[in-house]
Amino acid sequence: MNMLNLAKKVYFKPGSMNVALRELSEVYHLKRAFLVSDPVLYRSGAVRDIDGWLRKRGIRTAEFFSTGAPPSFAHIRSALPKLLEFEPDVIVGVGGGSAMSAAKAMWALYENPDLDLSAAAEQPERIRTGEKAKLALVATSFAGGAQNSPFAVLRDDAGALRVLRSFQLLPEISVTD
């Protein structure tokens, strides 16, 4: 039997970002969003629009914009104190594949603060999500389709590429506007 596993809601149409962001407040009644992106998108203002939309709908935001390509375990771990302090009910990844990977890994770590990322790469069943927060991914490019995949590509502490792979990493909402 073949099964298609995607985000619960996939928006793939120009102008759909506004509808998806409105759902975060009107359908899901979320109050705190943790925005994850890279420094280039942050400086370009691409994230500012999303931040403004969320704030207009009464959703408080916190940001993490120091992800690399690919994000490292160290960068992912460095976000944990801010995540635990802010206690988001949604993590919003904005960008390309690296930002999507960072948001997925931060979500997994936020849900399981003691999660060993190396062990999770080897044993995907260690990854559990969805108890504390939802994940929404807003793609700024569609090259790899990371916003719809159950993978997060990371660099471990030794510099090697590692992949977290689990259907637990699929977002609640995926947007390609």
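Refer to the structure above for everything that follows.
Residues numbered from 1 in each chain as written. Predicted model: local features only at pLDDT ≥ 70, side-chain atom pairs only at ≥ 80, totals over all residues. Heavy atoms only, no water.

*Asks:* Can you help me understand the pairing of strand β4 (residues 90–95) in this one?
*Replies:* In the case of a regular strand, side chains alternate between the two sheet surfaces. Of all the six residues making up β4, six are buried; the element is thus mostly covered by neighbouring parts of the structure. Pairing analysis gives six bridges linking β4 to strand β5 (residues 134–139), with the strands arranged parallel. Residue pairing for β5: Gly 95 is matched across the bridge by Ala 139. (Buried < 20%, exposed > 50% of the residue type's maximum accessible area, 1.4 Å probe, protein only. Helix = DSSP H or I, 4+ residues; strand = E, 2+ residues; numbered from the N terminus. Pairing = 2+ DSSP bridges.)

*Asks:* Explain helix α5 (residues 97–111) to me, please; I cannot follow it from the model alone.
*Replies:* For an α-helix the count is 3.6 residues per turn, leaving residues at separations of three or four pointing the same way. Over its 15 residues, α5 extends 21 Å from the first C-alpha to the last, a length consistent with the 21 Å expected when each residue adds 1.5 Å. With 13 of 15 residues buried, α5 is to be regarded as a mostly interior element. (Expected span 1.5 Å × (residues − 1).)

*Asks:* What is the right way to read the nonpolar core from this model?
*Replies:* Soluble, globular proteins show a tendency: their nonpolar side chains are buried together. With 32 residues, the main nonpolar core has Phe 34, Val 36, Ile 76, Leu 83, Ile 91, Met 106 and Leu 164 as its most contacted residues. At the level of secondary structure, the elements contributing two or more residues to this core comprise β2 (32–36), β3 (60–64), α4 (73–86), α5, α6 (117–122), β5 and β6 (151–155). Ranked by residues supplied to this core, first place goes to α5 with nine residues. In this structure, Met 106 is in contact with Phe 34, Val 36, Phe 64, Thr 67, His 75, Ile 76, Ala 79, Leu 83 and Ile 91, ignoring residues within four places of it in sequence. In this structure, Met 17, Leu 35, Val 92 and Val 138 belong to the second largest nonpolar core, which totals 22 residues. (Core = buried A, V, L, I, M, F, W, Y, C linked by side-chain atoms within 4.5 Å. Contact = heavy atoms within 4.5 Å.)

*Asks:* So what exactly am I meant to see when it comes to the pattern of salt bridges here?
*Replies:* Once their charged atoms are close, side chains differing in charge can pair, the charge on each being opposite to the other. The tally for this structure, following the rule as stated, stands at seven salt bridges. The closest approach of N and O atoms between Asp 51 and Arg 55, which form a salt bridge, is 3.0 Å. Of this pair, Asp 51 and Arg 55 both sit in helix α3 (residues 46–56), four residues apart, roughly one helical turn. You can call Arg 55 partly exposed: its relative accessible area is 46%. (Salt bridge = Lys/Arg side-chain N within 4 Å of Asp/Glu carboxyl O.)

*Asks:* How should the packing of aromatic side chains be read in this particular structure?
*Replies:* Between two aromatic rings, the relevant description is the distance of the centres plus the angle of the planes. Taken as a whole and judged by the stated rule, the model has one aromatic pair. One cation-aromatic arrangement involves Lys 132 over Tyr 110; the distance from NZ or CZ to the ring centre is 5.0 Å. (Phe/Tyr/Trp six-rings, centres within 6.5 Å; stacked < 30°, edge-to-face > 60°. Lys NZ or Arg CZ within 6 Å of the ring centre and 35° of its normal.)

*Asks:* Got a minute to help me understand unusual backbone geometry in this structure?
*Replies:* One can expect most non-glycine residues to show negative phi and most peptide bonds to be in trans. A positive phi is found at His 29, a non-glycine position, where the angle reads about 55 degrees. Looking at the secondary structure, you find His 29 in the loop between α1 (16–26) and β2. Of note in the backbone geometry, Glu 87 takes a positive phi value of approximately 55 degrees without being a glycine. A relative accessible area of 46% places Glu 87 in the partly exposed class.

*Asks:* Teacher, can you tell me more about α4 here?
*Replies:* In a regular helix each residue adds 1.5 Å, so 14 residues correspond to 20 Å; α4 covers 20 Å between its end C-alpha atoms and thus fits that length. The largest bend in α4 is about 30 degrees, located at Leu 80, with the proline Pro 81 one to four residues further on. For α4, every residue scored as buried is listed here: Phe 73, Ile 76, Ala 79, Leu 80, Leu 83 and Phe 86. Downstream of α4 by a residue or two, Glu 87 has a phi angle that is positive, lying close to 55 degrees. (Bend = angle between axes of the 7 residues up to and from the residue.)

*Asks:* What am I meant to see in the side chain of Ser 149 here?
*Replies:* If you trace the backbone, Ser 149 turns up in the loop between β5 and β6. Residue class for Ser 149 comes out buried when judged on its relative accessible area of 14%. Those residues in contact with Ser 149, other than ones at most four positions away along the chain, are Lys 104, Leu 169 and Leu 170.

*Asks:* Would you explain the packing of α1 against α3 in this entry?
*Replies:* For any two helices packed against each other, one specifies the crossing angle of their axes together with the interaxial distance. Between α1 and α3, the shortest axis-to-axis distance is 9 Å and the interhelical angle comes to 40 degrees. By the criterion of interaxial angle, the relationship of α1 to α3 is oblique. You can see that α1 and α3 cross each other, and the crossing is right-handed. In this structure, α1 contributes Met 17, Asn 18, Leu 21 and Leu 24 to the contact, and α3 contributes Ile 50, Trp 53 and Leu 54. Split into classes, the residues belonging to the contact of α1 with α3 amount to six nonpolar, one polar and no charged. (Axes fitted to C-alpha atoms, helices over the stretch in contact; angles between N-to-C directions. Parallel < 35°, antiparallel > 145°, perpendicular 65-115°, else oblique. Left-handed = near helix turned anticlockwise from the far one by under 90°. Nonpolar A, V, L, I, M, F, W, Y, C, P; charged D, E, K, R; others polar.)

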